[in-house]
Amino acid sequence: GPRLSRLRWSPDGRLLLFEARADRGAEVYTMPAAGGRPDKPHRVLLGSGASWSHDGKSIYFQLRGQIWKADANGGSPRQIAEMPFSNSPEESADGKYVYYRNRRTIWRASAEGGKEEQAIVPEHDMGWATSIQPTKKGVYYLEFARSTRGLVMSFYDFTTGRNEVVFRMTNTDLQAATFSISPDEKYILYPRADQSQGNLMLVENFR
């Protein structure tokens, strides 16, 4: 079956939002969080990198390298950012802006569309699937530090306008790196591979 990723709870906890990627590309689906028919999720729209608005009424997503917004049921899709090669949209804590990654910088635009502006210039490289999480105090995001050849979590402080490395990740899949900051901004949740193993097989009479 398709590869599933970016699973998100809706703000009211009633729905799950996720991305399914198969041969024909990425699509965004929702399904009841309580269960039901897991083989019959509701296809919302064609696109990837989807996230909820804080009020749960809208979905942000990336389509053809640009940022779009649609109703929670996939209706009325409208483009809100035209910069090419953009992805990973996330709404700001106050709901006024949507932050997104563009090449190796982070931009923002009005949540209703309009003027786009460069918001953050990271000090290290950013991967295509870089995770971004705006909070009331600033923006957390992932970078690749070439000096250590590993991922670091950095924080851009709205008050000082400065970037700071706050956490260095270890044993993390670079292709599927993600994280979540707790509401009180005291904890970081992220996946880590603590053990990896393989099997060596002997095949007799191989031709």
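Provided above is the structure to which this section pertains.
Residues numbered from 1 in each chain as written. Predicted model: local features only at pLDDT ≥ 70, side-chain atom pairs only at ≥ 80, totals over all residues. Heavy atoms only, no water.

**Side note on the overall build of the protein chain**
Phase 1: Each helix and strand counted, the protein chain has 0 helices and 18 strands in total.
Phase 2: Within the protein chain, buried positions represent 40% of all 207 residues.
Phase 3: Nonlocal contacts in the protein chain, meaning residues at least 24 apart in sequence, comprise 27% of its contacts between residues at least 6 apart.
Phase 4: Surface exposure of the protein chain reaches about 13,000 Å², of which carbon and sulfur atoms provide 50%. (Helix = DSSP H or I, 4+ residues; strand = E, 2+ residues; numbered from the N terminus. Buried < 20%, exposed > 50% of the residue type's maximum accessible area, 1.4 Å probe, protein only. Contact = heavy atoms within 4.5 Å. Areas by Shrake-Rupley, 256 points an atom, 1.4 Å probe, with all protein chains shown as cover.)

**Some thoughts on the nonpolar core**
Phase 1: Leu17, Val28, Val44, Leu45, Ala50, Trp52, Ile59, Phe61, Leu63, Trp68 and Ala70 form the largest nonpolar core, which has 11 residues in total.
Phase 2: The greatest single-element share of this core, amounting to 3 residues, is contributed by strand S6 (residues 58-63).
Phase 3: Residues in contact with Val28, not counting those within four places in the same chain, are Leu17, Phe18, His42, Arg43, Val44, Leu45, Gly47, Ser48 and Ala50. (Core = buried A, V, L, I, M, F, W, Y, C linked by side-chain atoms within 4.5 Å.)

**As for the sheet that holds strand S7 (residues 66-71)**
Phase 1: The antiparallel open sheet is built from 4 strands, whose spatial order is S5-S6-S7-S8. Of all the strands in the sheet, the pair left with one neighbour each is strand S5 (48-52) and strand S8 (78-81). Neighbour to neighbour, the strand axes of the sheet diverge by 30 degrees on average, direction disregarded. (Pairing = 2+ DSSP bridges. Axes fitted to C-alpha atoms, helices over the stretch in contact; angles between N-to-C directions.)

**Regarding the packing of aromatic side chains**
Phase 1: Within the structure shown, the criterion is met by 5 aromatic pairs.
Phase 2: Judged by centre distance (5.8 Å) and plane angle (15 degrees), the rings of Phe18 and Tyr29 are stacked. A residue pair is termed long-range when its members are at least 10 positions apart, and Phe18 in strand S2 (residues 15-22) and Tyr29 in strand S3 (residues 25-32) qualify at 11 residues. The same class applies to Phe18 and to Tyr29, which are both buried.
Phase 3: Judged by centre distance (6.2 Å) and plane angle (75 degrees), the ring pair of Tyr156 and Phe158 falls under edge-to-face.
Phase 4: A relative accessible area of 16% means that Tyr156 is categorised as buried.
Phase 5: Residue classification places Phe158 among the partly exposed positions, given a relative accessible area of 36%.
Phase 6: Among the aromatic residues, those joined into a cluster by ring pairs are Tyr99, Tyr156 and Phe158.
Phase 7: The ring centre of Tyr97 lies 3.8 Å from the NZ or CZ of Arg108, which sits over that ring. (Phe/Tyr/Trp six-rings, centres within 6.5 Å; stacked < 30°, edge-to-face > 60°. Lys NZ or Arg CZ within 6 Å of the ring centre and 35° of its normal.)

**Describing the pairing of strand S11 (residues 105-110)**
Phase 1: Bridging between strand S10 (residues 97-102) and S11 involves 6 bridges; their strand directions are antiparallel. Across the sheet, Val98 pairs through a bridge with Ala109, a residue of S11.
Phase 2: The antiparallel hairpin formed by S10 and S11 contains 2 residues in its connecting segment, where Arg103 sits at a positive phi of about 55 degrees.
Phase 3: As paired elements, S11 and strand S12 (residues 116-120) share 4 bridges and run antiparallel to each other. The residue bridging Trp107 from the neighbouring strand is Gln118, located in S12.
Phase 4: Two successive antiparallel strands, S11 and S12, enclose a turn made up of 5 residues, where Gly113 displays a positive phi of approximately 95 degrees.

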